[in-house]
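What follows is the residue order along each chain.
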Amino acid sequence: MEAIATPTLVGLEKEGYNVIPTANATFLTMNRKGIRQLAHETLGLPTSNYRFAATRAEFDAAIAAVGTPCVVKPIMSSSGHGQSVCKTPADADNSWRISQEGGRAGGGEVIVEGFVKFDYEITLLTVRHAGGTTFLNPVGHHQVDGDYRESWQAQPMSESALKQAQDIAKKITDALGGYGIFGVEMFVCGDQVLFSEVSPRPHDTGMVTMISQDLSEFALHARAVLGLPIPKVTFYGPSASKAIVVEGDTTMVEFENLDEVLSEPDVQIRLFGKPFIKGHRRMGVLLARDETVEKALAKVERAYAKLKIKVL
Ligand SMILES: Nc1ncnc2c1ncn2[C@@H]1O[C@H](COP(=O)(O)OP(=O)(O)OP(=O)(O)O)[C@@H](O)[C@H]1O
Ligand SMILES: [Mg+2]
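Residues numbered from 1 in each chain as written. Chains lettered and ligands numbered in written order. Predicted model: local features only at pLDDT ≥ 70, side-chain atom pairs only at ≥ 80, totals over all residues. Heavy atoms only, no water.

**Student:** How do you make sense of the overall build of the chain when you look at a structure like this?
**Tutor:** Counting its secondary structure elements, the chain contains ten helices and 15 strands. Rg of the C-alpha trace for the chain: 20 Å, near the compact-globule value of 20 Å for 312 residues, within the 12% margin. For the chain, the C-alpha atoms occupy an extent of roughly 55 × 45 × 45 Å along the three principal directions. Taken over 312 residues, the chain has a buried fraction of 46%. In the chain, 63% of the contacts between residues at least 6 apart in sequence involve partners at least 24 apart. Accessible area for the chain stands at about 14,300 Å²; split by element, carbon and sulfur atoms hold 54% of it. (Helix = DSSP H or I, 4+ residues; strand = E, 2+ residues; numbered from the N terminus. Rg over C-alpha atoms; globule rule 2.2 N^0.38 Å. Buried < 20%, exposed > 50% of the residue type's maximum accessible area, 1.4 Å probe, protein only. Contact = heavy atoms within 4.5 Å. Areas by Shrake-Rupley, 256 points an atom, 1.4 Å probe, with all protein chains shown as cover.)

**Student:** Help me out: how do you make sense of the coordination of the magnesium ion (ligand 2) in this one?
**Tutor:** When four donors bind a metal tetrahedrally, each ideal donor-metal-donor angle is 109.5 degrees, and when six bind octahedrally, the ideal angles are 90 or 180 degrees. E185 (OE), E185 (OE) and E197 (OE) make up the full set of protein donors to the magnesium ion (ligand 2), lying at 2.0 to 2.5 Å. Here the residue E185 occupies a position in strand β9 (residues 180-189), and E197 occupies one in strand β10 (residues 192-199), the gap between them amounting to twelve residues. The class for E197 is partly exposed, based on a relative accessible area of 26%. (Donors = N, O, S within 2.8 Å, 3.2 Å for Na, K, Ca; no water.)

**Student:** What is the right way to read the pattern of salt bridges from this model?
**Tutor:** Where charged atoms of side chains with opposite charge meet at close range, the side chains can pair. Applying the stated rule across the entire model yields 20 salt bridges. The closest approach of N and O atoms between K163 and D167, which form a salt bridge, is 3.0 Å. With K163 and D167 both in helix α6 (residues 159-176) and four residues apart, this pair spans about one turn of that helix. Since its relative accessible area comes to 35%, D167 is described here as partly exposed. Three or more residues are tied together by salt bridges with common partners; here these are R36, K73 and E113. (Salt bridge = Lys/Arg side-chain N within 4 Å of Asp/Glu carboxyl O.)

**Student:** Even after reading the chapter, I still don't get the pairing of strand β11 (residues 239-250), so can you show me in this structure?
**Tutor:** Successive side chains on a regular strand alternate, one facing one side of the sheet and the next facing the other. The element β11 is largely enclosed, with a buried count of nine among its twelve residues. Relative to β11, strand β8 (residues 147-153) runs antiparallel, the two sharing four bridges. Counterpart to W152 in the pairing with β11 is A240. Two elements, β11 and strand β14 (residues 277-289), share twelve bridges in a ladder whose sense is antiparallel. Its bridge partner being in β14, V246 is matched across the sheet by R281. (Pairing = 2+ DSSP bridges.)

**Student:** How do you make sense of the nonpolar core when you look at a structure like this?
**Tutor:** Note on soluble globular proteins: their nonpolar side chains tend to be buried together. Of all hydrophobic cores here, the largest spans 23 residues; its most connected members are I172, L176, V184, M186, F195 and V198. Breaking this core down by element, the ones donating at least two residues are α2 (23-30), α3 (32-42), β5 (120-129), α6, β9 and β10. At six residues, the largest contribution of residues to this core is made by α6. If sequence neighbours within four positions are ignored, V184 has contacts with I122, T123, L124, T126, A169, I172, T173, F195, E197 and V198. Judged by nonpolar contacts, the second largest core, of 17 residues, contains V246, I277, L286 and A296. (Core = buried A, V, L, I, M, F, W, Y, C linked by side-chain atoms within 4.5 Å.)

**Student:** Help me out: how do you make sense of the side chain of S212 in this one?
**Tutor:** Within the secondary structure layout, S212 lies in helix α7 (residues 209-212). When its relative accessible area of 0% is taken as the criterion, S212 is described as buried. At a separation of 2.5 Å, a polar atom in the side chain of S212 contacts the side chain of Q153. S212 has contacts with Q153, T234, F235, Y236, G237 and S239, leaving out every residue within four places of it along the chain. (Polar contact = N/O pair within 3.5 Å; in protein donor to acceptor, adjacent residues only side chain to side chain.)

**Student:** It is not clear to me how unusual backbone geometry should be interpreted in this structure. Could you clarify?
**Tutor:** Trans peptide bonds make up the majority, and among non-glycine residues the majority have a negative phi. Residue P69 is reached from T68 by a cis peptide bond, and omega for that bond is -5 degrees. The step from Q153 to A154 runs through a cis peptide bond, and the omega angle for that step is 5 degrees. Considering the arrangement of structural elements, one finds A154 in the loop between β8 and α6. Its identity as a non-glycine residue notwithstanding, N257 has a phi of 70 degrees, on the positive side.

The values are spatial; any link to function lies outside them.
Have a look at this one:
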C-alpha cells in the first residue's frame, strides 16, 4: 500500500464520497514532497534543511547545498525503504543507488534532508473530531534503519517543547482537515521542535496506546471518523511497545513460549497474522505497562526475550 492513486480519491470526494480524513490529506501525505512543502513553505513550520532531486545532477547539487551528514529518502517510500545516511560527499554514489533501488515504491525523486542530531523524537497523536482537537500524551520511539522498534508513552518533555509540538500538530492537522487521528512526527533538540512528517491515520509507534489508554489510537480514529464524541481519553500509565520483527523467506512462522511471555502482569501480545515473510517483516507487537517508562520498557524487553520465534 505504498502507492495509492490519491488523485482518484480527490475525484471521488468531488462526487460526494467521504474520504478519511480528506482526499487532499491523503494526496499531500502520499509523498514526502507534498507534505514538506505544505509544512515548511506554506505553513512556515520549522523542519530540517532539505532539497529535492529528481536526477543524479540535481542530487549532487542537493548534497552540496544541504551538506553532510544528510539523510536521503525516496519521496515515495515508508518504513525506511530506500533511505540512507550520507555521511560524507564520498557516500553520495551509495546513497543515490540505495534510493533508486528502494524496493516498495522506491526510486525516482528523492529528498535530501540535513541530519538532525535530535535529543529524542516523538509522535504526537492528534485527533480531529466533532468536538475539536485532542492531543494524546507524546509517544517517544526508537528507530532502526528508519523502522520503529520500540515506542513508549508518555515521553517526558519540557513544557515549552510540548507546547511547540502541540502548536505544530494543530497547524498541520488543521491544514489537512477532516476527522480522524494523525501521527505527527517531530524531532526535539533541546528546547526546539522540528516537524518531520505526518500520517493521516493511526501510526505504528502509537500501537502503545493499545495498553496505555482506555481508547487506543484505533478506537479514537473510529470514533472520530464516525463523528462520535470523544469527551475524554483516560491514560492508564507509563507504557511501552516493542515490534516483533522476523527475518526470513517463508510462509510458516510460529510463536512459542507465550505462557512465559505473558507471565507478568500488564503484558499483552498482538500477532498480526501476516501470511508470509520476505526479508524482514513486522509480525506483531508486545505491549507492557508499569510505574515508569523505564520499567515498562524493561518489562517489554523481558517479555520479548522469552518469545520463541520459529521460522519454518
Ligand atoms: N533528517 C533527519 N535527521 C535525523 N534522523 C532522521 C532524519 N530523517 C529521518 N530520520 C530518522 O529516520 C526515521 C525514519 O524517517 P522518516 O519517518 O522520515 O521515514 P519513513 O520511511 O516515513 O518512516 P516511517 O514510515 O517508519 O515513519 C525517523 O524516525 C528518524 O529516526
Ligand atoms: Mg516516519
